[in-house]
Amino acid sequence: MRLQGQTAIVTGAGSGIGKATAVMCAEEGAGVLCVDLRAADTTAAAITAAGGRAASFAMDVTDSQAWGKAVAEAAKLGPVSLLANVAGVVSRGPDTVLEQTEEEWQRVIDIDLKSPWLGMRAVMPGMIERGGGRIVNVASLAGEIGLINLLAYSAAKGGVIAMSRQAAMEHAKHGVKINSVAPGIIDTPILGDTTAEMTKIFSAATPLGRLGRAEEIAGVIAYLFSPVADFVTGQCYTVDGGWGAQ
Ligand SMILES: NC(=O)c1ccc[n+]([C@@H]2O[C@H](COP(=O)([O-])OP(=O)(O)OC[C@H]3O[C@@H](n4cnc5c(N)ncnc54)[C@H](O)[C@@H]3O)[C@@H](O)[C@H]2O)c1
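Notes on the structure follow. (Residues numbered from 1 in each chain as written. Predicted model: local features only at pLDDT ≥ 70, side-chain atom pairs only at ≥ 80, totals over all residues. Heavy atoms only, no water.)

So, the sheet that holds strand β2 (residues 31-36)
At step 1: Here we have seven strands laid out as an open sheet, ordered β3-β2-β1-β4-β5-β6-β7, and parallel in their pairing. Edge positions in the sheet fall to β3 (53-58) and β7 (236-239), since each has one partner strand and no second. Direction aside, neighbouring strands of the sheet carry axes that sit 15 degrees apart on average.
At step 2: Looking at chain direction, strand β4 (residues 82-85) and strand β5 (residues 133-138) are connected through four bridges and run parallel. Within the sheet, the bridge partner assigned to Leu-82 lies in β5 and is Arg-134.
At step 3: Strands in contact with helix α2 (residues 40-49) are β2 and β3; relative to β3, the strand with the most contacts, it is inclined by about 175 degrees.
At step 4: Strands in contact with helix α7 (residues 214-225) are β4, β5, β6 (176-183) and β7; relative to β5, the strand with the most contacts, it is inclined by about 155 degrees. (Pairing = 2+ DSSP bridges. Helix = DSSP H or I, 4+ residues; strand = E, 2+ residues; numbered from the N terminus. Axes fitted to C-alpha atoms, helices over the stretch in contact; angles between N-to-C directions. Contact = heavy atoms within 4.5 Å.)

Some details on the pattern of salt bridges
At step 1: With the rule as written, the count across this model stands at eight salt bridges.
At step 2: Close ionic contact of Arg-92 with Glu-104 constitutes a salt bridge, the shortest N to O distance being 3.8 Å. With a gap of twelve residues between them, Arg-92 in the loop between β4 and α4 (102-130) and Glu-104 in helix α4 connect regions that are remote in the sequence.
At step 3: The structure contains a network of salt bridges with shared partners spanning Arg-92, Glu-104 and Arg-107. (Salt bridge = Lys/Arg side-chain N within 4 Å of Asp/Glu carboxyl O.)

A word on helix α3 (residues 64-75)
At step 1: The end-to-end C-alpha separation of α3 is 17 Å, in line with the 16 Å expected for twelve residues at 1.5 Å each.
At step 2: Where α3 is concerned, the buried positions are Ala-66, Trp-67, Ala-70 and Ala-74. All buried residues of α3 project into a common sector of 105 degrees when viewed along the axis, lining one side. The outward face of α3, more than 90 degrees from its buried face, is lined by the exposed residues Gln-65 and Lys-69.
At step 3: If you follow the buried residues of α3, they end up packed against β1 (7-11), β2, β3, β4 and α4.
At step 4: Residue Asp-63 occupies the N-cap position of α3, its side-chain oxygen lying 3.0 Å from the main-chain nitrogen of Gln-65. (Expected span 1.5 Å × (residues − 1). Buried < 20%, exposed > 50% of the residue type's maximum accessible area, 1.4 Å probe, protein only. Arc of directions from axis to C-beta. Polar contact = N/O pair within 3.5 Å; in protein donor to acceptor, adjacent residues only side chain to side chain.)

Here you go:
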């Protein structure tokens, strides 16, 4: 129960890594506001059925007005001390210099890069007032190394890593610890219609020889939220089965 007495907002909580993060934070004792476009209520219901504390809030993370409402909603569970910006998308079409469209570029940048900023901006005044808090922004291995067909996505995720580092420097004096996590290939619905053949290629490219599990990213986020990580800020934790180390 490393997060007893804490209150978390977790975005993307309806699926994959966000869902696993919400569940793990609740298992560690935090009250959790599960935020997503859809299905956050299912995650919150599963948490409460298991004896945890949770509520849900349906919103688009790119909607700056909605962020104020989310913080007010979370405050019913307790003052917000933790934020996990997990919601994200990959490009719907080809994501290369020559094929990406301006519209889709903007959609990816807004969801993957702008929304973590909106989230930080919404929770940080309260954290500063109360003397601290912890924020984890989910980036990607694509923000650290070149991977094919991820132009806008790589730009956004590289931005998340840089933005988190900058914000950590700015707000260390306020006791707000801000880190990012860069997952490799994790077996969640974002992989969409990834074929068995692609899964084999991804697994073969990963020194540990398999795709990651959502819980393996959630575990690192929960660690960064816990007192054990009290001296950690401004870092990016890569959790990729060794892919990026090659
Ligand atoms: N799965 C991977 O291989 C992988 C690798 C690196 C990084 N990531 C990152 O991890 C995060 C979680 O992805 P996942 O793998 O769990 O995928 P997922 O598709 O299972 O979950 C993403 C969630 O984000 C939500 N979401 C998307 N746009 C939203 C919006 N505008 N407002 C509110 N919610 C929105 C979706 O509804 C969905 O529930 C993303 O930021 C993703 O980029 C995933």
